[in-house]
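Letter by letter, the chains look like this.
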Amino acid sequence: MRPTARPGSASLEEGWRCLGNWSKRRPPAEAVKRGAAAVRTFEEMKEPDDQDTDEEKSVTSKSDGKKSLRSSKSESRSPVQEDDTFLEDATDETFTEGEESYLEEDSDEERLEGSLSSFQYDDLQSTRVSQQTPAPAVEEAEEEVKKKISESFFYDYMELASMPFVTLDSDIPLDLLTLVHSFGYDCRKRANLQLLDNSIAIYIAGNQLIFLNLKTKEQIYLRSSSGEGIGVIGVHPHKTYFTVAEKGSFPDIIIYEYPSLRPYRILRDGTEKGYAYVNFNYSGTLLASVGSNPDYTLTIWNWKEEQPILRTKAFSQEVFKVTFNPDNEEQLTTSGSGHIKFWEMAFTFTGLKLQGSLGRFGKTTTTDIEGYMELPDGKVLSGSEWGNMLLWEGGLIKVELCRGTSKSCHNGPINQIMLDEGEVITVGSDGCVRIWDFETIDTADIIDETGLLEIEPINELQVDKNVNLFSMIKMSETGNNFWLAQDANGAIWKLDLSFSNITQDPECLFSFHSGAVEAVAVSPLTYLMATTALDCSVRIYDFASKTLLTQMKFKQGGTALVWVPRMVNFTGAEIIVGFEDGVVRILELYDPKGLTIFVGRKKISDADIRLKQVFKPHTARVTALAYERDGEILATGFGIETEPIPEDIEDPKAYSIENARRKREHDKLMKEVEEIKARKREQIKALRTKFCKLLEMNEELPMHMQFKRTDFDVDSKIRAEMHRRTAFKIQQVEKELAWEKEKHELGLKKLKNRFRDPLESDTIVVHAILSDHKISSYRLVQPSKYSKFKRTSQSERKPSKLDRFEKEGTGRKDSQRDAGGSIAIQEESIIEKGKKFRPKTLSEIMVENQIEKTRKLILKAERAQLKIQQRKKEWEELYKSKPGDDYEDPKDLQAIKEAQVYMGDFNLKTAPDYKIPEHMRINAAKKEEELGHLDSLVHGNKRYMNKCILSLRDLKVAVVEEIQCLVQELKNIQSTLHVSKHIPIPQIPQIHPEEVPEKRFQYDEETLLNFKQQHMKSDDEKSPGVEQTGSGGPGGGFLKLSSGKDGDLTTRDSMSRSSKASTLSLDIPKYMEFEKAEPTDVELEIMKRDEIKHVYMQQYLVNRVKELIVTFDAELRLLRHQKLKLDTQMKLSDLHHVTLFQEILLLKNFEKQENILQERVNSLDKEEQYMQWKINETLKEMEEKKNEITKLQEQEKALYAGFQTAIGENNKFANFLMKVLKKKIKRVKKKEVEGDADEDEESEESSEEESSLESDEDESESEDEVFDDSICPTNCDVALFELTLQLREKRLDIEEALVEEKKVVDNLKKEYDTLSKKVKIVATNLNAAEEALEAYQREKQQRLNELLVVIPLKLHQIEYVVFGEIPSDLSGTLVFSNHALRQLQERIRELQEENSKQQKLNKEWRERRKQLIREKREMTKTIHKMEETVRQLMISKFGRVVNLEALQTLSVNTTLEELKIRKLRKELANAKEMKMWEEKIAQMRWELMMKTKEHTRKLYQMNDLCIEKKKLDSRLNTLQNQQGNAFQSLREADVVAREEVTELIQLQAERISALKEEIALLRRKGGLILPPIRSPQEKEMQPADL
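Now for a quick tour of the structure. The residue count restarts for each chain, going from 1 along the sequence in the order it is written. With the structure being a predicted model, the display of local features is reserved for residues of pLDDT at least 70 and the display and counting of side-chain atom pairs for 80 or more, all residues being used for whole-chain, interface and lining totals. For side-chain calculations, the full set of non-hydrogen atoms in the structure is used, while hydrogens and water are omitted.

**Description of a nonpolar patch on the surface**
For clarity, the threshold we go by: For patch detection, residues must exceed 30% relative accessible area and be free of salt bridges, and they are connected within 9 Å for like charges or within 5 Å for nonpolar side chains (Val, Leu, Ile, Met, Phe, Trp, Tyr). Here the accessible surface of atoms and residues is derived via Shrake-Rupley with a 1.4 Å probe, and residues count as covered only by protein chains that are part of the display. When a carboxyl oxygen of Asp or Glu lies within 4 Å of a side-chain nitrogen of Lys or Arg, that pair is called a salt bridge. Only DSSP runs of H or I with at least four residues qualify as helices, and only runs of E with at least two residues qualify as strands; both kinds are numbered from the N terminus onward.
Taken together, the side chains of Leu1355, Tyr1360, Val1361, Val1362, Phe1363, Ile1366 and Leu1370 make up a nonpolar region of the molecular surface, amounting to roughly 730 Å² of accessible area. Checked against the element boundaries, valine 1362 lands in the loop between helix H24 (1278–1345) and helix H25 (1378–1438).

**Some remarks on the side chain of lysine 189**
Worth spelling out the cut-off: For each residue, the accessible area found with a 1.4 Å probe, counting protein chains only, is set against the maximum for its type, and the residue is called buried under 20%, exposed over 50%, and partly exposed in between. We call two residues in contact whenever any of their non-hydrogen atoms come within 4.5 Å of each other.
Mapping lysine 189 onto the fold places it in the loop between helix H7 (157–160) and strand E1 (194–195). Looking at lysine 189, the relative accessible area reads 15%, which means it is buried. Those residues in contact with lysine 189 that lie beyond four places of it in its chain are Ile204, Ile230, Gly231, Lys247, Phe470 and Gln486.

**Topic: the packing of helix H16 (residues 924–974) against helix H20 (residues 1081–1207)**
Under the convention used in this document: Between N-to-C directions, angles span 0 to 180 degrees; the directions come from axes that are lines fitted to C-alpha atoms, helices contributing only their stretch in contact. Oblique is the label for any angle not under 35 degrees, not over 145, and not in the 65 to 115 range, which are roughly parallel, roughly antiparallel and roughly perpendicular in turn. Should the near helix be turned anticlockwise from the far one by less than a right angle, the crossing is termed left-handed; should it be turned clockwise, right-handed. Each residue gets one of three labels, nonpolar for Ala, Val, Leu, Ile, Met, Phe, Trp, Tyr, Cys and Pro, charged for Asp, Glu, Lys and Arg, and polar for the others, Gly among them.
Remark: H16 packs on H20, axes separated minimally by 9 Å, with the N-to-C direction vectors making an angle of 165 degrees. One finds that H16 runs roughly antiparallel with respect to H20. Considering only the axes of H16 and H20, their crossing is left-handed. Taken together, the residues that form the contact of H16 with H20 break down as 29 nonpolar, eight polar and 14 charged.

**Looking at unusual backbone geometry**
For the bond running from tyrosine 258 to proline 259, omega is 15 degrees, close enough to zero to count as cis. Structurally, the position occupied by proline 259 is in the loop between strand E7 (253–257) and strand E8 (263–267). With an omega of 10 degrees, the peptide bond running from asparagine 293 to proline 294 counts as cis. Summarising the element assignment, proline 294 is placed in the loop between strand E10 (287–291) and strand E11 (297–302).

**Describing the packing of aromatic side chains**
Both the distance between ring centres and the angle between the ring planes are used here to describe each pair of aromatic rings. Quick reminder of the rule: Working definition: a ring pair exists when centres of Phe, Tyr or Trp rings (six-membered ring for Trp) sit within 6.5 Å. Plane angles under 30 degrees give stacked, over 60 give edge-to-face, the rest tilted. Definition used: whenever NZ (Lys) or CZ (Arg) falls within 6 Å of the ring centre and also within 35 degrees of the ring normal, the charge is taken to sit over that ring.
All chains considered together, the criterion is met by 22 aromatic pairs. A centroid spacing of 5.1 Å and a plane angle of 65 degrees characterise the contact between tyrosine 241 and tryptophan 303, whose relative ring orientation is edge-to-face. A residue pair is termed long-range when its members are at least 10 positions apart, and tyrosine 241 in strand E6 (residues 241–246) and tryptophan 303 in the loop between E11 and strand E12 (307–313) qualify at 62 residues. The two residues tyrosine 241 and tryptophan 303 agree in class, both being buried. For the pair tyrosine 1096 and tyrosine 1100, a centre-to-centre distance of 6.5 Å together with 20 degrees between the ring planes defines the contact as stacked. On the criterion of helical spacing, the pair formed by tyrosine 1096 and tyrosine 1100 is a turn pair, its members being four residues apart in helix H20. For tyrosine 1096, a relative accessible area of 56% puts it in the exposed group. In this structure an aromatic cluster arises from ring pairing among Phe154, Tyr241, Tyr264, Phe280 and Trp303. Over the ring of phenylalanine 579 we find arginine 585, and its NZ or CZ is 4.6 Å from the ring centre. Cation over ring: arginine 610 sits above tyrosine 590, and NZ or CZ is 4.5 Å from the ring centre.

**Observations regarding the packing of helix H21 (residues 1214–1222) against H24**
Where H21 meets H24, the closest approach of the two axes is 8 Å, and the angle between their N-to-C directions is 30 degrees. For the element pair H21 / H24, the angle class is roughly parallel. Regarding H21 and H24, the two cross each other, and that crossing is right-handed. Of the residues in H24, those touching H21 at Phe1216, Leu1217, Val1220, Leu1221 and Lys1222 are Leu1280, Phe1281, Thr1284, Leu1285, Leu1287, Arg1288 and Arg1291.

**Describing a positive patch on the surface**
Threshold: Counted as positive: Lys and Arg. Counted as negative: Asp and Glu. His and the chain ends are not counted at all. Charged groups are reduced to one reference atom each: NZ for lysine, CZ for arginine, CG for aspartic acid, CD for glutamic acid.
A contiguous patch of positive charge on the surface is contributed by Arg1406, Arg1409, Lys1410, Arg1414, Arg1417, Lys1421 and Lys1425. Using a relative accessible area of 58% as the deciding quantity, one classes arginine 1417 as exposed.

**Structural notes on the sheet that holds E11**
Strand pairing in a sheet relies on backbone hydrogen bonds, with the paired strands running either antiparallel or parallel. The cut-off we apply is this: At least two DSSP bridges between two strands are needed for those strands to be called paired.
Pairing is antiparallel across the open sheet formed by four strands, whose spatial order is E9-E10-E11-E12. Pairing within the sheet leaves two strands with one partner each, and these edge strands are strand E9 (275–280) and E12. With strand direction ignored, the average angle separating the axes of adjacent strands in the sheet is 15 degrees. Pairing of E11 with E12 involves six bridges; the strand directions are antiparallel. The residue bridging asparagine 302 from the neighbouring strand is glutamine 307, located in E12.

This is the structure in structure tokens:
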């Protein structure tokens, strides 16, 4: 067999695809897929001019060589290759040797860079038939993956991809066809356009995933693994992986690595039929998928581990899309048909769960939602069918956005919404892209009752007419804002959304059919193809150059197409197309430039189609077109035109003459047939009787003379033929009844699902054996929804943020403090390590000794101060622990509060002033939980009773089986006894059908025949005149065929006993086979013994049977008594159930308003807690500030005390120094000081003098004496004066700090007053809200009180008697349980005992109080005595009462010690600097001495030279006087020559400077070269030369 490819059959429904290697062929049901427009051509087709058979042979041999080479390669290839890469550049492609030689002969246009295509099918020869089942290696790999998946693990693509299917006896090679090019695009599939990088786009076309290079227009292909198509694709955020979600039965999600295109992970069992959408989270660690019809399963995957994390049903209708929130990956959103749903991954007490909240449309019309977008603050912006945008918040529509004058945002559905660079982009089916302001949308709110808010887009782009934009994706090109758009009408567009002056117009990159291709035809002359589809277009392709030549649009969709043969049109340029409306058009393909023949290798893009002829042969769609062999006749086919069928008379009782005639004819025919059947039956009966007699005669013959059963067969072929015909008829009947069988099976399944599946156990009635008692089990259904459902209550208060802050805040602060401390310690340790290794000098040692000495003194003073503070703290704690006069123990207060709540005179719930306690408030959730608890208890009790009854039934079955065995043994024994000694055999109890209800669902052939007869009888009774028909199919109520094992309820013990009994019954008659003889005496004795034994056994067996029956009946009566009690309890529970259900219905009516009130109370309570917390924080801060003020005041007191101690007693300058200390000085603030830090010291001194003068003037007003505090008086200690000035500065610092702290305290007081007012307002509102809630609770309680509660009572339980009789009106009575009544009586006794104990304790505590008062008085006297003793000791020692704390604090003058250390450091630094300068002076002196010596030597030399010059001058003068006249003329010539030389030197100097400037210019970039400087001589000579 050879696979045939018929144009326009299976491949047409997938659309356009040019192919060479049709890599895998599935059965037709799997191969035919709708939705992708693809047409495939085959490389096997010869070129029109290739007529040479030798060339064909050579090509064939080359292809065979290529095949063998591929098969040899496939054997040596490993299953998983990590170094293989699929996607490479066209210049880096590699082929095998055979492929190279083959491809070199082809033209450049036929060469494919499909590295994937060449790699995909290399191993096809080695995997023909084995691909139908998974290889063992793959199964082992999958088991290893489940355990632990390595990061470097990859699957083998060849084992996953769908492969060709051929029969075992076929010689067709698997690589017969090779995919060359695809013209298809599934443009109506959601998100079917993704980008892997700037140049590679991927999309789905039928069974292929196509990688399209946008620059070179080249394609690479990935085949589906299921062979049934691809559902959806997705790309990882990092562009390193992409997902392919398949379609089929429980399809997989395969995640490929990019750019190697190796299968990296496989996600299984995520949906039932196909995937609708997949989406990665922002970090790429999780993958969300949603299934399509019928399950719509939402799954969250840990895709790297191939494990599902969460799974749930997304919705009951179609789901279009699922996405993660990019700002919160724990939130997801799904949308689809008539809904949008918001999901959150939340931790519950059972683990991580997906909690979905369905968006409520409210007053807005319900709409399908295609596009939506999550905003950063949690809101969601979605589209609608009518084109407006809906802003969702908290599961509700916050506002609906439209354009001005209530115009919709788009004219049609909004398919996609995106956020890009702070702008919202919407994509509509009207072909428009609009840009909106994000801030306007984010802050939008309702302004009127319409719920509409009008906004205008920032920019908009109309792509083109008849464009339906489905999705867009941004191209990451730097400096550009280009987008790729998916057009649902069959195109891919490139859009520029920069909206500037240089914005490019929309560019249509590729064009396709927008639906399934209905027909395709190939040109008989050249490499052209024609296609048509229901998108009303006819397209012409050049499949050799892989280009679309031209297309033509019509008003109706094309349904059939044929290329006119050359015998009709020699040019081969005509096609005939049939359309939906029955019109047939003849189109001609022509070249406007005059070309008549189209050569496929030439990329002709200017071809066109023109209409040549039109006719309408049909009124329905044209389904087929064909030419007669000679080309003279054109045949057209069309769909069947159905005519309206007259309605039948539905009433079966309506009279009809035709029915009466048919009935008579049928009765006559049936009568004749019955007569023929009766005659045949009589003949068969006679023959059967004769044959049976022959068989009996044969059996009477000796064994060696008897015929075998097969000897009676006249011809074995007759019996075989009969069996064959019987089997054939049975098969035909089964086929005829298949529909009825399926119908009844579906009906049975529905009945089972409705009535039997909800049942946990059916009713079983167990009957007693001797009496009429019986016991029946409960018909138990599955637990109700209330026993499983637990709803959270809105009234339960959640912990406020304040509580969480109080719990977590302290720990966080401590941890931060600890962290800061550890960092500081690390820094200190690093500094200490650096200092540790430096050598110390003598000066550093002296300073360190002084610092250590000072540190010890300060430490000693600090210890004293710490001791004083510790003592103060102890005194404060002691005083704080002192209880006040009105102090009350908190335990007593708590006990009093509990007594007020739980004791005393309580009002009844029916009282008008009844206040419902907080813990007793009930709502629908609590009541449902109570109802669920009741149902669980009832269900548990009924289930336990059913188990007991079932055990009793099993006991009865075992008893019956044992009685059967005993009766059988009894019969065997009685067969050996005389009749006179027989005892009546007990009757064997029967198992009633009610006791085994499961047998109702078991049937056999006999049961079916009986049912058929009953069915026929009932049909005869209902309509005796109608034709009788029998149904051999199973009836309702039967589930499975019964077998011996299933239908029999006997146990192994009973089987063994019955087998023993049967063996006994078989062994006994053997003695009867011998001839009777006279027994001997021994035999008679043995027979007597056996008789006695058998009589005893007979009586024992009868007694045993009676014992079994009596025991079983006793067990049944006992269990029946227990069930009667349980029935009573169940009836009470039913009454209670009714009451609870009524309460639930009532509470649900109150629930909405109650939740609103409770939420208001909770919000006010949280607000009050927060305000109280702020008040407490303010009080704490005020307390801290007050403590700081107290500390500053104590520091001021200590300062004055230290000053007094420093000046001592009887100091004559004490008053002057005190005035200096207390003098008020206006000081510049620190900020001003920092700002004026760069000013001169003189200005600072002048400002100080001015401030001192101002202070002097201020003090002169209050004092008569004016003193100068800048100069120390004579005979006054300068150190003491300096100390006074320092203390004054400290005093001023303390006073400034006090002023600042007091300002802060005043501000805190104002804030405290404001908060207190707010707290009062909030408290008032809270009280009002609580009162409203309490009133609502009271109203709810009154409504609950109005419900009637049924409580059955016996007469002895009623103790309300009037004059010895029960009154007729019991409305004023209370109903107590015995337990509650006993508790009340016990409580009375406990209260009496507690009262006596409290009186005794009160008396004891009064005596104890009097004793404590006496001890307090004595302690007060002792304290006064001790204070007086201390005062006298101070006067005797110090002369006056002094502050010991101040003395201990001033034992060390910290400032003085610091000044001493600073002075020591300064002296050491100065000494070091003086030493350095002394060394420099000595060096300079030595240098000066050397210079002086050198200068003296040179003076001597100059003196000698001067003397010699003087001598020479004298001699020269003498010579000049002698020869003056001779040299007078020569001196004039020397002067002229000197002038010329001077000019030459100047000229050379100018040239040198010019050359330097030129060099400098040449070193720079762009320097100009100046003309050379010429001498004056050259300038003078230039005109002469000219």
